[in-house]
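One letter stands for each residue in the lines below.
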Amino acid sequence: VASFVAKELKNTSIRALYLRKSSQADMEIMVCPIFYKRTDTSLFAKKLIAEFPQVKSVLTAHTSSKDFALENVRFESVLGNSYINDILCGLSFRISPESFYQVNHTCAELLYEKAIELAALNKNSTCADLFCGTGTIGIVSASKTGAMVYGVEIVEKAIEDAKFNAKLNNISNVH
């Protein structure tokens, strides 16, 4: 996907390319080119999805800021969903481009299992999932232990995803 994007966008004002992929067998890919100035990517998005059907989400953003930081970029949906879906520790998660999500799926599952074990959480426990992103560790912890979990996050889209993910997995002991 990255080489196709590089070829197709080589004569544009592209600044960065942000890719996300799910770990599922029916992989979903999100493609987010970021430009120095507003760029029409509708034709590019159609070509990309035609070439790679696993691309489910094409978004774009632009920034002229010299101090480029992903958290300062606002994404706009071009074609497909504005998110991808993934499964982690047997639970389903919606992931938006602004939301933090563990990139190493296998390590994340091992890390979550170990953290839950060491925290010795149970249905009488209350804990905080600080900087929770999409809510993965809190939702997995609440699901496996019955503990009451409070997620803390400042990125609005991540908060929306975390709330959605708790409902998606029928987890009521996460706030």
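Above this text you will find the structure in question.
Rules used in this analysis
Residues numbered from 1 in each chain as written. Predicted model: local features only at pLDDT ≥ 70, side-chain atom pairs only at ≥ 80, totals over all residues. Heavy atoms only, no water. Core = buried A, V, L, I, M, F, W, Y, C linked by side-chain atoms within 4.5 Å. Buried < 20%, exposed > 50% of the residue type's maximum accessible area, 1.4 Å probe, protein only. Helix = DSSP H or I, 4+ residues; strand = E, 2+ residues; numbered from the N terminus. Contact = heavy atoms within 4.5 Å. Pairing = 2+ DSSP bridges. Axes fitted to C-alpha atoms, helices over the stretch in contact; angles between N-to-C directions. Parallel < 35°, antiparallel > 145°, perpendicular 65-115°, else oblique. Left-handed = near helix turned anticlockwise from the far one by under 90°. Nonpolar A, V, L, I, M, F, W, Y, C, P; charged D, E, K, R; others polar. Patch = residues over 30% accessible without salt bridge, like charges linked within 9 Å, V, L, I, M, F, W, Y side chains within 5 Å. Areas by Shrake-Rupley, 256 points an atom, 1.4 Å probe, with all protein chains shown as cover. Salt bridge = Lys/Arg side-chain N within 4 Å of Asp/Glu carboxyl O. Arc of directions from axis to C-beta.

K.L.:
It is not clear to me how the nonpolar core should be interpreted in this structure. Could you clarify?
P.N.:
Nonpolar side chains tend to gather and get buried jointly when the protein is soluble and globular. Core analysis: the biggest nonpolar cluster contains 25 residues, and C32, F75, L88, F93, I139, V140 and V174 have the highest contact counts within it. Contributing elements (two or more residues each) for this core: β2 (29-35), β3 (55-62), β5 (84-88), β6 (91-95), α3 (105-119) and α4 (136-145). Apart from the residues lying within four places of it in its own chain, the contact partners of V140 are L88, C89, L91, F93, Y112 and I116. Judged by nonpolar contacts, the second largest core, of 12 residues, contains V5, F44, A45 and V55.

K.L.:
Sorry if this is basic, but what is going on with the pairing of β5 here?
P.N.:
On a regular strand, each side chain points to the face opposite its neighbour's, so the side chains alternate between the two faces of the sheet. What you see with β5 is a clean split: I84, D86 and L88 sit on the buried side and N85 and I87 on the side with no burial. Sheet topology places β5 next to β6; 5 bridges connect them, and they run antiparallel. Bridging from a neighbouring strand, D86 pairs with F93 of β6. Turn length for the β5-β6 hairpin, with the two strands adjacent in sequence and antiparallel, is 2 residues, and the turn residue C89 shows positive phi of about 55°.

K.L.:
Help me out: how do you make sense of the packing of α3 against α4 in this one?
P.N.:
Two packed helices can be described by the angle between their axes and the distance between those axes. Two elements in contact, α3 and α4, have axes separated by 10 Å at closest approach and are oriented at 55°. In terms of orientation, α3 and α4 fall into the oblique class. The two elements α3 and α4 meet at a crossing, and its hand is right-handed. On the side of α3, the interface is formed by Y112, A115 and I116, while α4 contributes T136, I137, V140, S141, K144 and T145. Its residues placed into classes, the contact of α3 with α4 shows 5 nonpolar, 3 polar and 1 charged.

K.L.:
Honestly, a nonpolar patch on the surface in this entry has me stumped. Any pointers?
P.N.:
A surface patch of nonpolar side chains, amounting to about 350 Å² of accessible area, comprises L130, F131 and V152. Mapped onto the elements, F131 comes out in the loop between β7 (126-130) and α4.

K.L.:
Is there a simple way to explain the pattern of salt bridges in this structure?
P.N.:
A side chain with one charge can pair with a side chain of the opposite charge if their charged atoms come near. All told, the structure shown has 5 salt bridges when counted by the stated rule. Of the charged contacts in the structure, one is a salt bridge between E8 and K47, with a shortest N-O distance of 3.1 Å. A residue pair is termed long-range when its members are at least 10 positions apart, and E8 in helix α1 (residues 2-8) and K47 in helix α2 (residues 42-51) qualify at 39 residues. When the shortest N-O distance is used, the salt bridge between E117 and K114 registers 3.4 Å. Residue E117 and its partner K114 are both found in helix α3; the two are separated by 3 residues, about one turn of the helix. Residue E117 is classed as exposed on the basis of its relative accessible area of 53%.

K.L.:
Would you take a moment to explain the sheet that holds β3 for this structure?
P.N.:
Sheet strands associate in pairs through backbone hydrogen bonding, adopting either a parallel or an antiparallel arrangement. In space, the 4 strands of this open sheet follow the order β1-β2-β3-β4, with mixed pairing throughout. For this open sheet the edge positions go to β1 (14-21) and β4 (76-80), each flanked by a neighbour on one side alone. With strand direction ignored, the average angle separating the axes of adjacent strands in the sheet is 20°.

K.L.:
How should α2 be read in this particular structure?
P.N.:
Residue pairs spaced three or four apart in an α-helix point in one direction, given the helix's 3.6 residues per turn. Taken together, the buried positions of α2 are F44, A45 and L48. Buried positions in α2, seen along its axis, are confined to an arc of 100° and lie on one side of it. Counted as exposed and oriented over 90 degrees from the buried face of α2: L43, K46 and A50. On its buried face, α2 is in contact with α1, β2, β3 and β4.

K.L.:
Would you mind showing me how to read unusual backbone geometry here?
P.N.:
Excluding glycine, a negative phi dihedral is what most residues carry, and trans is how most peptide bonds are arranged. We note that A120 has phi near 50°; this positive angle belongs to a residue other than glycine. Among the secondary structure elements, A120 is positioned in the loop between α3 and β7. Although it is not a glycine, N170 sits at a positive phi angle of roughly 55°. The residue N170 is located in the segment after α5 (156-168) in this model.

Everything listed here is a matter of coordinates, which is why it stays silent on function.
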